[in-house]
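These are the residues of each chain, in order.
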Amino acid sequence: MISANRSDVSPQNCSDFDSQSPVKEDDFMDLATQSVVLPYIFDLEMSGKCNTVCTFCPRDEMKRGEQFMSELHFEHFLKNLGRYVSALEDRQVNLPYEKTSGKFGKRELSAARVTLCGMGESLMHPKCPEWIQRIRQEVGVRVTVVTNGLLLKESMLEKLDAAQVTVIVVSIPGIDRETYTRYIPLDWERVLGNVERAHARLPGRVHINVTIPDDSPLRPDQVLDFWGSRGISVMSINHCHNRGGFLETSGLTGLHGASSDHFCGIIARHNFIAWDGRILSCCHDLHADNVLGNVIDDDFLELAYRKSAVVDQGPTYRICANCNDCERLEPSQIVRLIPTADLFPITAKR
């Protein structure tokens, strides 16, 4: 089983297969030309709406709309996800970079997981806890919620606990009022209190994601000390990337330049489903220029087959040209499968 203990969305924090089996060199060489890439992180944008405006979030470029996901699109997503997870249950898959193989797993131990994220605040959606519970019960995979923490009140925590949410990731770019409100115009004490309350209610399930803009005075060791003293895990600390080139403020991002390499590990590992059901290249396709499919019309296995060519050739979308997201160039934890006619009937016609 791949990444059974992974609770976040960062490949560098991913574990390899629990039961590793080396891939033979000849088989490894064939993987790139004969296998299908299997995205296993489903980034679901329940909400295109947000309850704040962070300085490093280019919401003024959000041309694809800002609404809540409809029940129709969620139902299609849920059924589509269920078919995908069921079809891949305990299938033998490979990780070419690690040169290992193992089983895809099933339900709680499946490599597949759902992350509620995107350009909006998922907890604003009135159906959020209910839909988390349905994913957990009907499909069985893990569900992570990414939030700014403002809505983590006791009543919300009670609902999330009952829904069996796997992990709550709170995005916080500071450790005090000064360093926090410099980038997010929310009440620091209120957000900190919510995080501490959530940790007390759901111990071990609350993690902090830290974005450090170029002009931030914070050091990673300060972040680790602050949250470590409260017993709260820091999931990841990352530089502020430019959101597909849409964030152009030099004080926030720019120290880490874009790569000329066309490779993108994000599109290989993730499927991003926008609030309107469109499957986009990633959440930073703010203009919806790169529509790969739709949850109503497109099966996730068929999408994986089509995306494999994009992964192998390297995406050439406009937003990729200036992207400086560090996850993009991460080659680990990319899952591939030798296609069979039962999973990919199209291959039988060739």
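Note that the coordinates shown come from a computational prediction; the quantities given were computed from them, not determined experimentally.

Caption draft 1: Structural view of the packing of aromatic side chains. Counted by the stated rule, this structure contains 12 aromatic pairs. Their ring planes at 80° and their centres at 5.3 Å tell us that Phe42 and Tyr84 sit as a pair that is edge-to-face. Pair noted here: Phe42 is in strand 3 (residues 41–44) and Tyr84 is in helix 2 (residues 71–88), with a separation of 42 residues, a long-range link. For the residue pair Phe42 and Tyr84, the accessibility class agrees, reading buried in each case.

Caption draft 2: Expanded view of the sheet that holds strand 8 (residues 167–171). Within the open sheet, the nine strands sit side by side as 10-9-8-7-6-3-11-12-13. Their pairing is mixed. Looking at strand neighbours, the two that pair on one side only are strand 10 (233–239) and strand 13 (291–294), the edges of this open sheet. Neighbour-to-neighbour, the strand axes of the sheet open up by a mean angle of 25°, direction not taken into account. As judged from the four bridges shared by strand 3 and strand 6 (residues 113–116), these two strands associate in the parallel manner. By the bridge assignment, Ile41 is partnered in strand 6 with Arg113. Running over the sheet, helix 3 (residues 128–139) touches strand 6 and strand 7 (142–147) and is turned about 155° from strand 7. Strand contacts of helix 9 (residues 300–313): strand 3, strand 11 (270–273), strand 12 (278–280) and strand 13, with the helix running at about 120° to strand 11, the strand carrying the most contacts.

Caption draft 3: Structural detail: the pairing of strand 11. What you see with strand 11 is no split at all: His270 and Phe272 on one side and Asn271 and Ile273 on the other are buried throughout. Across four bridges, strand 3 lies against strand 11 in parallel orientation. If you follow Phe42 over to strand 11, its bridge partner there is Asn271. Examined bridge by bridge, strand 11 and strand 12 share two bridges and lie antiparallel to one another. Along strand 12, the bridge assignment pairs Phe272 with Leu280. Linking two consecutive strands that pair antiparallel, namely strand 11 and strand 12, is a turn of four residues; a positive phi of about 90° is found at Gly277 within it.

Conventions and cut-offs
- Residues numbered from 1 in each chain as written.
- Predicted model: local features only at pLDDT ≥ 70, side-chain atom pairs only at ≥ 80, totals over all residues.
- Heavy atoms only, no water.
- Phe/Tyr/Trp six-rings, centres within 6.5 Å; stacked < 30°, edge-to-face > 60°.
- Helix = DSSP H or I, 4+ residues; strand = E, 2+ residues; numbered from the N terminus.
- Buried < 20%, exposed > 50% of the residue type's maximum accessible area, 1.4 Å probe, protein only.
- Pairing = 2+ DSSP bridges.
- Axes fitted to C-alpha atoms, helices over the stretch in contact; angles between N-to-C directions.
- Contact = heavy atoms within 4.5 Å.

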